[in-house]
Amino acid sequence: MATTSDITVPLPGEGALPAVLVTPDGGTGPGVVLVQEIFGVNAYIRDVAERLAGEGYVVLAPHMYWRIEDDFVVEATGPDDLPTAFAVAGQHQPEDGVADLGAAIAHLRERPEVTGGVGIIGFCFGGSMAYLTAAHHDPDCAVSYYGSMIGANLDVADRISCPILFHFGDQDDFLPNEDVDALRSATADMANVDIRVQAGAGHAFDNTRNPMFSNPEAATAAWAVTSAFLARQLRS
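Rules used in this analysis
Residues numbered from 1 in each chain as written. Predicted model: local features only at pLDDT ≥ 70, side-chain atom pairs only at ≥ 80, totals over all residues. Heavy atoms only, no water. Axes fitted to C-alpha atoms, helices over the stretch in contact; angles between N-to-C directions. Helix = DSSP H or I, 4+ residues; strand = E, 2+ residues; numbered from the N terminus. Parallel < 35°, antiparallel > 145°, perpendicular 65-115°, else oblique. Left-handed = near helix turned anticlockwise from the far one by under 90°. Contact = heavy atoms within 4.5 Å. Nonpolar A, V, L, I, M, F, W, Y, C, P; charged D, E, K, R; others polar. Pairing = 2+ DSSP bridges.

Regarding the packing of helix 3 (residues 94–110) against helix 4 (residues 125–136)
Then, in step 1: The geometry of helix 3 relative to helix 4 is characterised by a closest axis approach of 9 Å and an angle of 70° between their N-to-C directions. On the basis of their axis angle, the class for helix 3 and helix 4 is roughly perpendicular. Once helix 3 is placed against helix 4, the crossing between them reads as right-handed. Across the interface between the two elements, P94, G97, V98, L101, G102 and I105 from helix 3 touch M129, L132, T133 and H136 from helix 4.
Then, in step 2: Considered class by class, the residues forming the contact of helix 3 with helix 4 number six nonpolar, four polar and no charged.

Description of the pairing of strand 1 (residues 3–10)
Then, in step 1: When strand 1 meets strand 2 (residues 16–23), the two strands line up antiparallel, connected through eight bridges. Paired with D6 across the bridge in strand 2 is V20.
Then, in step 2: What sits between the antiparallel neighbours strand 1 and strand 2 is a turn of five residues, in which G13 has the positive phi angle 80°.

Details of the environment of V143
Then, in step 1: Tracing the chain through its elements places V143 in strand 6 (residues 141–145).
Then, in step 2: On a C-alpha basis, the gap between V143 and I121 in space is 4.5 Å, while along the polypeptide they are 22 residues apart.
Then, in step 3: V143 has contacts with I120, I121, G122, A130, L165, H167, T226, F229 and L230, leaving out every residue within four places of it along the chain.

Here you go:
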C-alpha cells in the first residue's frame with residue numbers, strides 16, 4: 001500500500017515549498033514530480049499520485065499556490081468552481097513556479113527512496129508548468145497534459161533536451177487546435193518530442209472526478225501511452 005505524507009522542500013533563500021509525498025508499496029522507485037491543475041492538490045491530483053505510486057513511482061505533488069494561499073484546494077465538479085480557481089491561478093507567477101519545480105526535481109533526486117530517474121508530469125495549469133520546467137531545468141523526462149500556456153511560450157521549446165510527451169484533445173475549449181499545430185511546427189526537428197491528440201476529447205479529459213471534463217475513453221488511451229513512456233524513460 002502506498003504511503004502519503006506532507007513534507008516541505010527547502011528553497012534557496014525564501015522558505016520552503018509544501019508538498020505531498022506518496023511512496024509506493026515497495027518503498028522505493030523512480031521519482032515523478034506531479035503538477036496540479038488550477039484547482040490545487042485536490043482529490044483528483046491525489047488520485048493521480050496514487051495511480052503513479054501504484055506503478056512503482058515515488059511521487060511529489062507540490063502546492064503550487066503556496067505564495068498566494070497556503071494549501072489552496074477546490075474539489076472541482078462543475079463550472080461554478082472555475083472562477084475561484086482562475087482568480088488564484090491568475091496571481092501565480094510562472095517564473096516562481098518553474099523555480100519551485102526545479103527545486104522539487106532536485107529534492108527527489110536526493111531522497112533515498114528514489115532509485116532511477118526523475119521525471120515531471122502535469123495537467124492543465126500543470127501541463128504548462130511541466131513544459132516550462134523541462135525547458136529550464138533537467139528532468140529525465142516530462143509529460144504535459146493539455147497545457148494551455150504552451151502556445152504563448154513556443155520560443156522555449158528548443159531548450160527542451162529531455163524526452164517529452166504531450167497530450168491534447170481536439171475538442172478543447174481552452175486550448176485551440178492551432179496551438180497544437182504551432183507546437184508541431186516548432187518541434188518538427190526535435191526527435192525527443194512526442195505529441196498525441198485524442199479525437200473527440202476536450203480539456204482535462206483525464207479528470208475522472210469532474211463530470212464537466214471527464215472522458216474515460218480518452219483518459220485510458222492517453223494513460224497507456226504515458227505509463228509506457230515513464231517506464232521507458234525512468235526505469236532504464
